[in-house]
Each structure stands twice: as C-alpha cells, then as structure tokens.
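Single-letter residue listing:
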Amino acid sequence: MNLPIEPGFPNRRTFLTSVTALAATPLLSALPRVGPAHYPGQTSAAYTVQQVIDLILREIPGAPFAKTVDQLRAGSPDQSVTGIVTTMFPTLEVIEKTVKAGANFIIAHETPFYNNEDQTDWLQQDDAYRYKVDLLTKHKIALWRFHDYWHTHKPDGILFGNLLRLGWDKLYDSANPRIITLPQAMPLRSIVQQVKQKLDIPSVRVVGRLQQPCRSLYLAFGYMDSKRQIAAIQAYKPDVILSGETREWETVERVRDGLLMGQKTSLVVLSHAVSEEAGMAYAATWLTPKLAGLQVTHIPSGSPFQLL
C-alpha cells in the first residue's frame, strides 16, 4: 500500500477564508523569478506590504489560492515596510520585539487570534484579543499569515527548514518528502538527543524503546491528523514518527499497541510551536535575498510550556 503524497497543502487545514486581501492587488508577473525584486521608480528598500506578499506568491505553485487562511490580519496592504519579522506564533512578546527592532511587518505561520480561521466575532470582549489588536494598531504593525503557501512551496518550507537545521537536508526525497532514511541506524535515544539539541527543544515525549535502532523516520511536524499518521504506520512502517502534536487517544495508542504486538514504529512528540520554528527561521533566510535593502529577521515565539 502506498500512501498518496500530499500536494503541498498543510496537514490539518480546510481553507475556509477567501483571499480578499490578496486579490486586491494583482500579482507582479513581470518580475524576475530569482534575485531581488524591483518595482518601477522604487528605491531598494521601498516596499509596500502588498508588494512583499506578491513577491512571495510568485514563488508558490498555484498561488493565489481561492481559499486560504493566509490573510492580512492587521495593518494595510499599502503601508511601506520598514522591516520584516518572521515567527511561528505572533505573541505579544514577538510584537513588542518587532517594534524594538524597528520593523512593522510580521509574517507569522500560525494564528494570532487563537483559532485557525482567525475568526474574531467570538473574541470581541476577550481581554487578550483586545490588547493584541490595540498593540498592533498603536504601532501600525501589519501581520500576514504564511501557513498554507509556505507548506505548498516546493519543497515545503517548514519541513525543509527543519531538515536544514537537523543536518538532514541532503536526505530529502522530493518523491517522498515525509520519509527520511538515515545513512545508518541510530538508537532512538540518540535521535531524540539530536532533535532536541538542533531544534532547541527542552523536552519531548516518547512512546517507544530508547535503545531501538532507527533508520527510517516519518516527519509529521506541527499538526497532522491522526488518521494520516496511523495510515503512514501501515504504509511505510517507519522506525519512528517525529510528530509536532497528536491527541493522546489516537496515534499515541496506535503506536503503543503496535509496539506491544511486536511492531517497530515509535513516536516522538516534539510540541507544535518548536517543531515548526526552524521552518520560519528558514523563511527569513529565503526572503532576504529577494528584498534588496530590507531587513528580514526571525524572532522565535518559543515554547509556551514550563516543564516541571
């Protein structure tokens, strides 16, 4: 059985939001495909928010999408960009650090408003929501989601950013991008130690035998529906799944039962934010040469958890 390769769309998302903001300005199809972009009469650093978005969309297969969560959630498409910050979650701390850095455009992978579609009608009286909106408005910060498009990039920007950080980029297989085959087997404990060190993860959760030799890894960073993870176990029989997060009564129990009946697949749960942060750091590196004279910085949102 072969599990179909995903077409680039993110794992868990049903795209419910129309691209009204992105449709307002046409793509600048006459620009060169590589190197810094320049617009008529523009100095090297004079970009608007919409021009930056258009430049990014030119690199994404099939963009712009008819429905996507990747919308401008604060600010104006016409405002001039003084600097760009990439991040995983646009937390209050990230916004404040953006202001201190002299930037006014945050490109965030995940939602600022506590739900995937960034619906805000139910949040109008919520203190944290109102505080965040006021902070963004006060400092004239534009905020754009870069989730669906970054996952659709070839290669997937989050996945490839992680592989670069882990030193596994040469093992990437475009025909089967979620499977990594190590040159030689490593104990599960060593893989866990390497992932924690390289991705700056203080603690992970493991279902498996730490001395088990592992060579094939299935990559499920961020969130992946458990039905897909469980189907991957059956289809690929990987030695280990590297998962961002999963509900405990789903993949966790499937892996535990499999191990008890003699199967080999173990599970390492990294936590969502830290399992995709390297992909947004890579987004800053990827963007920098395309935007002449404009500072692009990555500010990590980090893990929200204290481990006691």
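Above this text sits the structure in question.
Here is a short report on the structure shown in this document.

Criteria and thresholds
Residues numbered from 1 in each chain as written. Predicted model: local features only at pLDDT ≥ 70, side-chain atom pairs only at ≥ 80, totals over all residues. Heavy atoms only, no water. Core = buried A, V, L, I, M, F, W, Y, C linked by side-chain atoms within 4.5 Å. Buried < 20%, exposed > 50% of the residue type's maximum accessible area, 1.4 Å probe, protein only. Contact = heavy atoms within 4.5 Å. Helix = DSSP H or I, 4+ residues; strand = E, 2+ residues; numbered from the N terminus. Polar contact = N/O pair within 3.5 Å; in protein donor to acceptor, adjacent residues only side chain to side chain. Pairing = 2+ DSSP bridges. Axes fitted to C-alpha atoms, helices over the stretch in contact; angles between N-to-C directions. Right-handed = clockwise from strand over helix to strand, strands pointing away. Parallel < 35°, antiparallel > 145°, perpendicular 65-115°, else oblique. Left-handed = near helix turned anticlockwise from the far one by under 90°.

### Digging into the nonpolar core
Of all hydrophobic cores here, the largest spans 56 residues; its most connected members are Phe105, Trp144 and Phe146. Setting aside residues up to four positions removed in sequence, Phe146 forms contacts with Ile56, Asp70, Ile107, Ala108, His109, Met280, Ala283 and Trp286. If you look at the next biggest cluster of nonpolar residues, it comprises 13 residues, including Ile233, Val252, Val255 and Val269.

### Some points on the side chain of Thr98
Within the secondary structure layout, Thr98 lies in helix α3 (residues 92-100). Classification of Thr98 by relative accessible area gives buried; the value is 0%. Polar side-chain contacts of Thr98 include one of 2.8 Å to the backbone oxygen of Val94. In contact with Thr98, not counting residues within four places along its chain, are Val85, Ala103, Asn104, Ile106, Ile141 and Ile299.

### Topic: the sheet that holds strand β5 (residues 179-187)
What the five strands build is an open sheet, ordered β5-β7-β8-β9-β6; its pairing is mixed. The open sheet has two free edges, formed respectively by β5 and β6 (205-207), since each of these has just one partner strand. Pairwise comparison of adjacent strand axes, ignoring direction, gives a mean angle of 25° for this sheet. With four bridges joining them, strand β8 (residues 240-245) and strand β9 (residues 266-269) adopt parallel strand pairing. Bridged to Val240 within β9 is Ser266.

### Digging into unusual backbone geometry
In this chain, Ala63 is followed by Pro64 through a cis amide linkage whose omega measures 0°. By the secondary structure assignment, Pro64 is in the loop between α2 (49-57) and β1 (72-74). In this structure, the amide linkage connecting Lys154 to the following residue, Pro155, adopts the cis form with an omega of 0°. Its place among the elements puts Pro155 in the loop between α5 (148-152) and α6 (157-166). Unusually for a residue other than glycine, Asp200 sits at a positive phi of about 55°. Looking at the element boundaries, Asp200 is found in the loop between α7 (188-199) and β6. One non-glycine residue with positive phi stands out, namely Ser271, at about 95°.

### Observations regarding the pairing of β8
Across the six residues of β8, five count as buried, placing the element largely inside the fold. As a crossover connection, the stretch from strand β7 (residues 213-223) through helix α8 (residues 226-236) into β8 is right-handed. Handedness of the β8-helix α9 (residues 251-260)-β9 crossover: right-handed.

### As for the packing of α8 against α9
For the pair α8 and α9, the least separation of the axes is 9 Å and the interaxial angle reads 20°. Taken together, α8 and α9 sit at an angle that is classed as roughly parallel. Where α8 crosses over α9, the two elements pack in a sense that is right-handed. In this structure, α8 contributes Ser226, Gln229, Ile230, Ile233 and Gln234 to the contact, and α9 contributes Thr251, Arg254 and Val255.

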